[in-house]
Number of protein chains: 2
Amino acid sequence: MIALNRHRKLARGVSMVGVGVAQFGAFPTKTTRDIFSESIQDLLNRSEYGLNIGEIQCGYIGNFSADRFEGQAHLGSILADWIGLTPTPFTRVENGCASGGSAIREGVMAIASGLYDIVLVGGVEKMTSVPTIQAIDNLAAVADSLYEVPAGFTFPGIYALVAKAHMDRYETNLEHLMKVSIKNHHNGSLNPKAQFNMPLQDLMQQRIDWAKDKGAVIPHWNNEYEFLNDLSANPWIAWPLKLFDCAPITDGAACALLVSSDLARNFTDTPVNIIGIGQATGRPLHDAEELTSFGATRFAASQAYNMAGINANQIQLAEVHDCFTIAEIVAMEDLGFFAPGEASRALDDGRTSLNGELPINTSGGLKAKGHPVGASGVAQAAEVFLQLSGKAESRQVQKKDLEIALSQSVGGAGGTSVVTIYERG
Amino acid sequence: MIALNRHRKLARGVSMVGVGVAQFGAFPTKTTRDIFSESIQDLLNRSEYGLNIGEIQCGYIGNFSADRFEGQAHLGSILADWIGLTPTPFTRVENGCASGGSAIREGVMAIASGLYDIVLVGGVEKMTSVPTIQAIDNLAAVADSLYEVPAGFTFPGIYALVAKAHMDRYETNLEHLMKVSIKNHHNGSLNPKAQFNMPLQDLMQQRIDWAKDKGAVIPHWNNEYEFLNDLSANPWIAWPLKLFDCAPITDGAACALLVSSDLARNFTDTPVNIIGIGQATGRPLHDAEELTSFGATRFAASQAYNMAGINANQIQLAEVHDCFTIAEIVAMEDLGFFAPGEASRALDDGRTSLNGELPINTSGGLKAKGHPVGASGVAQAAEVFLQLSGKAESRQVQKKDLEIALSQSVGGAGGTSVVTIYERG
């Protein structure tokens, strides 16, 4: 019998030396190619030493299903050609909503393997090409098509089960879900690339205008709490989740340039080293051991912490997979930041706010920045890079010695989880 | 400027120590999960030292589009759970019809990276869940959805262009295409897992019975040449390609167990080492520099030969991507086995037959074994393993010192090409 060691070191160091993010939003006239190209243009614009993309030796594309959204599979090849990179090998990686996180992991291993020094990891999803109801149906393909979807489940319903179980077991309540939403929308208002790049007050006003158009009687809301509490403004989607508990349908793309660490300073003065990475699978929710925690996240985190040689207490900033507000609460606990059931108290105390002790989702998260499925994991890495390199502008976390951060990308309801740990280089 | 080296060595050696192949065919009652599980069962059945699949540390699934065929994305997680392997990380890899070949490459890099010692690479496609016309439409998503598909192209038409160009430029003719088909069907008749596990004579009989059912007047065919020449038996699909120039629509799966080479003898007495691997992208056909050769194959082959430190003349056996008969001819030339335009003469001389100097597609190839898209690249690796380890039974190549073999997996019409070189361990 061969002894297993699931907590290995990489054969050589890998650093992130540049990132690009396309504008997130709903863009009826843009294709997947247009949106991805925007992220590449942003990478080039931010490049300190005049990046020549022809130097890229290998690429990965995180994408959930351009097949279903746009009739285009084989996206690695198509996008490599579109940005002029043939014959560089490109490969599409799909792990549902964790596709971007998994693409980063493949990029890391491609460098560590010794085969490549300079690897581009992109993520992209064009989702508004179909009506929202069709997009939700497409997304249901991430769940179990034999045992969940035929029972009528789509993801709002699946995460509603998680929320209900968490509220039953712990002191979590609707107010805590709301606090995640308020926090992430605040952060999103400071991120010009976010789909909701506005304070919640402005979203309230949009909602008022929309209701007035429909001839509705408009309630008076004094603040965001009243707004989010009002079912006419924030209706139930799948009890106990309301509209503003759900990440939106988004068109968007992001990319990250990974290189062998010994080359990092040729690309930037502020590299970010990838010091830990873990990935795990979990059972589909219909067959899960518990509803209030994702085993895949706990396992992936333990791999990543072990590889990095640190523990959860040392993480200073995190981007987590808040496809629904409850998902951020579960992540806060599964990643070991807070004990099971304690995330709600941390939210009450504002500990994960932009200037709290452990800022979470400074980008606005999937909730406010938007959730172009295959891009989200890569966009998280991009946010971590900007924060650790001091380039996050008005949302820059004002911490002395901000050095270690984490990102977590989830596919389904814990079917896949990828956890990556970064250190300022 | 950083010097590129695209012909690196792996940081550590990788060996293939076991394979599994599901029955290929059309199975209306089987799901993707059933078919994949069959390949795992075959891997276990063939295991010499009682493989414990719980030892697998990481997995890849080559799959083109269970999303479109079966409404199931996120297949890595779903299949890992189905075979009882949670929380082992699994990732789906999609590069069109090269998905299986690319999955092998990710498995190789995962081991070389130092992160994992024991990696399962699977490939699976369930295609008969939709009518054939819908399957062909699904497959068209591998081509360019903006510039080729709207013009009416599906893959028979795309490869017909390649065939026409090759026939115009060189001495290739319809007879040469037919010879690929006859050879591969002969090999397939010796492969019990093949979709067409029968001599072409039996296929002729099936075709006669089918035509009789339809009330047709049945011509008399004395042999396979007359059969393939008769348009009533072998009609045009897209001129100059006829029905028996096209690989079939297939349900099937295959898997391969890869391990760090220092562990190989714990699993088998006949390991096969992966000594070279290359992947490249090419432009879509509408924008290709030429039609008679795929640049991606030439580039991937040069990477693989360089890594292995060998040249094309040293290859003793090959599995190539014969989605259409013309694709085998193009591959024979792009891989450097024969000079451009010389593949047709090699076919005339029987040089690639089972007992020729360079047997090609001993498994029956995609043409006769079947082409379950995401599985094909992995099934090629499985055939190479069986041949190099002397376990290919009635189709075993009878060469002394059979040591070095190659497989080539193509996505689209050269959009992606993966070339892998193997050596008997």
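Just so it is clear, the structure is predicted and the values come from calculations on it, not from any experiment.

## Some thoughts on the overall build of chain A
Right, so step 1: Of the regular secondary structure elements, chain A holds 14 helices and eleven strands.
Right, so step 2: Its C-alpha atoms give chain A a radius of gyration of 20 Å, near enough to 22 Å, the size a compact globule of 425 residues would have.
Right, so step 3: Taken over the C-alpha atoms alone, chain A extends approximately 60 × 50 × 50 Å along its principal axes.
Right, so step 4: A separation of at least 24 residues holds for 75% of the contacts in chain A among residues at least 6 apart in sequence.
Right, so step 5: On chain A, roughly 13,500 Å² of surface is accessible, and the fraction owed to carbon and sulfur atoms is 50%.
Right, so step 6: Within chain A, one finds 32 positive and 45 negative side-chain charges whose respective centroids are separated by 2 Å.

## Overview of the interface of chain A and chain B
Right, so step 1: Counting from both sides, the interface comprises 83 residues of chain A and, opposite them, 83 residues of chain B.
Right, so step 2: Approximately 6,300 Å² of surface area, both sides summed, lies buried where chain A meets chain B, with 50% of it carried by carbon and sulfur atoms.
Right, so step 3: Our count for the contact surface shared by chain A and chain B stands at four salt bridges.
Right, so step 4: With its nearest N and O atoms 2.8 Å apart, the salt bridge here joins Arg92(B) to Glu94(A).
Right, so step 5: The tally of links from chain A across to chain B stands at 44 residue pairs in polar contact (both at pLDDT 80 or more).
Right, so step 6: Mapped by element, the contributors of at least two residues to the side of chain A that touches chain B are β2 (58–62), α2 (66–70), α3 (75–82), β3 (90–94), α4 (99–112), β8 (272–281) and α10 (295–308) of chain A.
Right, so step 7: Considering only residue class, the side of chain A that touches chain B consists of 37 nonpolar, 28 polar and 18 charged.
Right, so step 8: For β3(A) and strand β3 (residues 90–94) of chain B, the ladder comprises three bridges, and the chain directions are antiparallel. Bridging across to β3(B), Glu94(A) finds its partner in Arg92(B).

## Topic: the relation of the copies chain A and chain B
Right, so step 1: Its rotation angle being 180°, the transformation that places chain A on chain B also includes 0.0 Å of axial translation and leaves an RMSD of 0.0 Å. The symmetry that links the two subunits is that of a two-fold axis. In terms of proximity to the rotation axis, the leading residue of chain A is Ser113(A), whose C-alpha is 1.9 Å off the axis.
Right, so step 2: Interface residue correspondence from chain A to chain B reaches 100%, placing this contact among same-surface, isologous pairings.

## With respect to helix α1 (residues 32–46) of chain B
Residue and element names in this part refer to chain B.
Right, so step 1: The end-to-end C-alpha distance of α1, which contains 15 residues, comes to 22 Å, matching closely the 21 Å that a straight helix rising 1.5 Å per residue would cover.
Right, so step 2: Buried residues of α1: Thr-32, Arg-33, Ile-35, Phe-36, Ser-39, Ile-40, Asp-42 and Leu-43, and no others.
Right, so step 3: The secondary structure elements touched by the buried residues of α1 are β1 (14–21), β2 (58–62), α2 (66–70), α3 (75–82), β4 (118–125) and β7 (252–260).

## Observations regarding the confidence of the model for chain A
All names here are of chain A.
Right, so step 1: Taken as a whole, chain A shows an average pLDDT of 95; of its residues, 98% reach a score of 70 or greater.
Right, so step 2: Scored below 50 in pLDDT, residues 1–6 makes 19 contacts in the model with residues more than four places away or belonging to other chains.
Right, so step 3: Scored as a complex, the prediction yields pTM 0.97 and ipTM 0.96.

## So, the packing of helix α7 (residues 174–188) of chain B against helix α11 (residues 325–334) of chain B
All names here are of chain B.
Right, so step 1: Where α7 contacts α11, the two axes come as close as 8 Å, and the packing angle between them is 95°. Judged by the angle between their axes, α7 and α11 are roughly perpendicular. Of α11, the residues touching α7 (which contributes His-176, Leu-177, Val-180, Ser-181, Lys-183 and Asn-184) are Thr-325, Ile-326, Glu-328 and Ile-329.
Right, so step 2: Looking at the contact of α7 with α11 residue by residue, the classes come out as four nonpolar, four polar and two charged.

## A look at the nonpolar core
Right, so step 1: Grouped together as the largest cluster of nonpolar side chains are 84 residues, with contacts concentrated most on Met16(A) and Met16(B).
Right, so step 2: One finds Val142(A), Phe294(A), Phe337(A) and Ala413(A) within the second-largest nonpolar core, a separate group that totals 63 residues.

## Description of the environment of Ala343(B)
All names here are of chain B.
Right, so step 1: By secondary structure assignment, the location of Ala-343 is in helix α12 (residues 343–348).
Right, so step 2: Between the C-alpha atoms of Ala-343 and Glu-171, which are 172 residues apart in sequence, the distance is 9.5 Å.
Right, so step 3: For Ala-343, the contacting residues outside a window of four places in its chain are Ile-329, Met-332, Glu-333 and Phe-338.

## Considerations on the pattern of salt bridges
For side chains bearing opposite charge, pairing can occur when the charged atoms are close.
Residue and element names in this part refer to chain B.
Right, so step 1: For the structure shown, the criterion picks out 42 salt bridges over all chains.
Right, so step 2: A salt bridge links Arg-92 to Asp-67; its shortest N-O distance comes to 3.2 Å. Linking Arg-92 in strand β3 with Asp-67 in helix α2, this pair joins segments that are 25 residues apart in sequence. Per residue, the accessibility class of Arg-92 equals that of Asp-67, and both read buried.

## What to know about a nonpolar patch on the surface
Right, so step 1: Together, Leu174(A), Leu231(A), Trp236(A) and Trp239(A) make up an exposed nonpolar region whose accessible area comes to about 380 Å².
Right, so step 2: Using a relative accessible area of 41% as the deciding quantity, one classes Leu231(A) as partly exposed.

## Describing α3(A)
Right, so step 1: Judged by how many residues are buried, α3(A) sits mostly within the fold: seven of eight residues are covered.
Right, so step 2: Those residues of α3(A) that fall on the buried side of the exposure criterion are Leu75(A), Gly76(A), Ser77(A), Ile78(A), Leu79(A), Ala80(A) and Asp81(A).

## Structural notes on the pairing of strand β7 (residues 252–260) of chain A
Residues and elements named next belong to chain A.
Right, so step 1: The buried fraction of β7 is high, at nine of nine residues.
Right, so step 2: Bridge count for strand β1 (residues 14–21) against β7 is seven bridges, and the pairing is antiparallel. Residue pairing in the sheet places Gly-20 in a bridge with Cys-255 of β7.

## Some words on unusual backbone geometry
Negative phi values dominate among residues other than glycine, just as trans dominates among peptide bonds.
Residues and elements named next belong to chain A.
Right, so step 1: Along the chain, Thr-86 connects to Pro-87 via a cis peptide bond; the corresponding omega equals 10°.
Right, so step 2: Within the secondary structure, Pro-87 sits in the loop between α3 and β3.
Right, so step 3: A positive phi angle, close to 60°, is found at Asn-361, a residue other than glycine.
Right, so step 4: Its place among the elements puts Asn-361 in the loop between α12 (343–348) and α13 (365–369).

## Thoughts on the packing of α4(A) against helix α4 (residues 99–112) of chain B
Right, so step 1: Axis separation between α4(A) and α4(B) bottoms out at 8 Å; the angle between their running directions is 60°. Here α4(A) runs over α4(B); the crossing is left-handed. Seen from α4(A), the contacting residues are Glu106(A), Met109(A), Ala110(A) and Ala112(A); seen from α4(B), they are Glu106(B), Met109(B), Ala110(B) and Ala112(B).
Right, so step 2: Here the contact of α4(A) with α4(B) is composed, by residue class, of six nonpolar, no polar and two charged.

## Notes on the packing of aromatic side chains
Right, so step 1: Scanning the model with the defined rule gives 16 aromatic pairs over all chains in all.
Right, so step 2: An angle of 75° between the planes, with centres 6.1 Å apart, marks the rings of Tyr159(A) and Phe294(A) as edge-to-face. Taken together, the residues Tyr159(A) in helix α6 (residues 155–169) and Phe294(A) in the loop between β8 and α10 connect sequence positions 135 residues apart. Note on accessibility: Tyr159(A) and Phe294(A) belong to one class, buried.
Right, so step 3: The aromatic ring of Phe27(A) is capped on one face by Lys30(A), whose charged end is 3.8 Å from the ring centroid.
Right, so step 4: In this structure, Arg33(B) packs its charged tip against the face of Trp82(B), placed 4.9 Å from the ring centre.

The rules behind these values
The residue numbers shown here count from 1 along each chain, following its written sequence. Going through the entries in the order they are written, you letter the chains from A and number the ligands from 1. pLDDT decides what is reported in this predicted model: residues at 70 or higher carry local features, side-chain atom pairs at 80 or more are listed and counted, and totals for whole chains, interfaces and linings draw on all residues regardless. The basis for every side-chain value is the complete set of non-hydrogen atoms in the structure, without hydrogens or water. For the purposes of this entry, the term helix denotes a DSSP run of H or I that reaches at least four residues, the term strand denotes a run of E that reaches at least two, and both are numbered from the N terminus. In this description the radius of gyration comes from C-alpha coordinates, and the expected globular size is given by 2.2 Å times residues to the power 0.38. Only heavy atoms matter for contacts: two residues are in contact if any of them lie within 4.5 Å across the pair. Note that accessible areas follow from Shrake-Rupley with a 1.4 Å probe, and for residues the cover is restricted to the protein chains shown. Charged residues are defined narrowly, with Lys and Arg counted positive, Asp and Glu counted negative, and His plus the chain ends left uncounted. Throughout, a charge is located at the NZ atom of Lys, the CZ atom of Arg, the CG atom of Asp or the CD atom of Glu. By buried area we mean how much accessible surface two parts lose on assembly, using a 1.4 Å probe and totalling the loss over both. Salt bridges are defined by distance alone: a side-chain nitrogen of Lys or Arg within 4 Å of a carboxyl oxygen of Asp or Glu. Pairs of N or O atoms are called polar contacts if they sit within 3.5 Å, as long as, within protein, a hydrogen donor faces a hydrogen acceptor (for residues adjacent in sequence, only side-chain-to-side-chain pairs). Under the scheme applied here, ten amino acids are nonpolar (Ala, Val, Leu, Ile, Met, Phe, Trp, Tyr, Cys and Pro), four are charged (Asp, Glu, Lys and Arg), and all others, including Gly, are polar. Two strands qualify as a pair provided that DSSP identifies no fewer than 2 bridges between them. Our superposition of the copies is a least-squares fit, built on the C-alpha atoms of residues whose pLDDT is at least 70 in both. Multiplying 1.5 Å by the helix residue count minus one yields the expected span of that helix. Whether a residue is buried, partly exposed or exposed follows from its accessible area with a 1.4 Å probe, protein chains only, as a fraction of its type maximum: under 20%, in between, or over 50%, in that order. Think of pLDDT as the predictor's per-residue confidence, scored from 0 to 100. Note on geometry: axes are C-alpha line fits, over the in-contact stretch for helices, and angles between N-to-C directions span 0 to 180 degrees. Put simply, angles under 35 degrees are roughly parallel, angles over 145 are roughly antiparallel, angles from 65 to 115 are roughly perpendicular, and the rest are oblique. For this analysis, a nonpolar core means a set of buried residues of the types Ala, Val, Leu, Ile, Met, Phe, Trp, Tyr and Cys, connected via side-chain atoms within 4.5 Å. What goes into a patch is any residue over 30% in relative accessible area without a salt bridge, connected to like charges within 9 Å or, for nonpolar side chains (Val, Leu, Ile, Met, Phe, Trp, Tyr), within 5 Å. Left-handed describes a crossing in which the near helix is turned anticlockwise from the far one by less than a right angle; the clockwise case is right-handed. Planes of paired rings set the category: under 30 degrees apart is stacked, over 60 is edge-to-face and the rest tilted, where pairs are Phe, Tyr or Trp rings (Trp by its six-membered ring) whose centres lie within 6.5 Å. Charge over a ring is defined by NZ of Lys or CZ of Arg lying within 6 Å of the ring centre and within 35 degrees of the ring normal.

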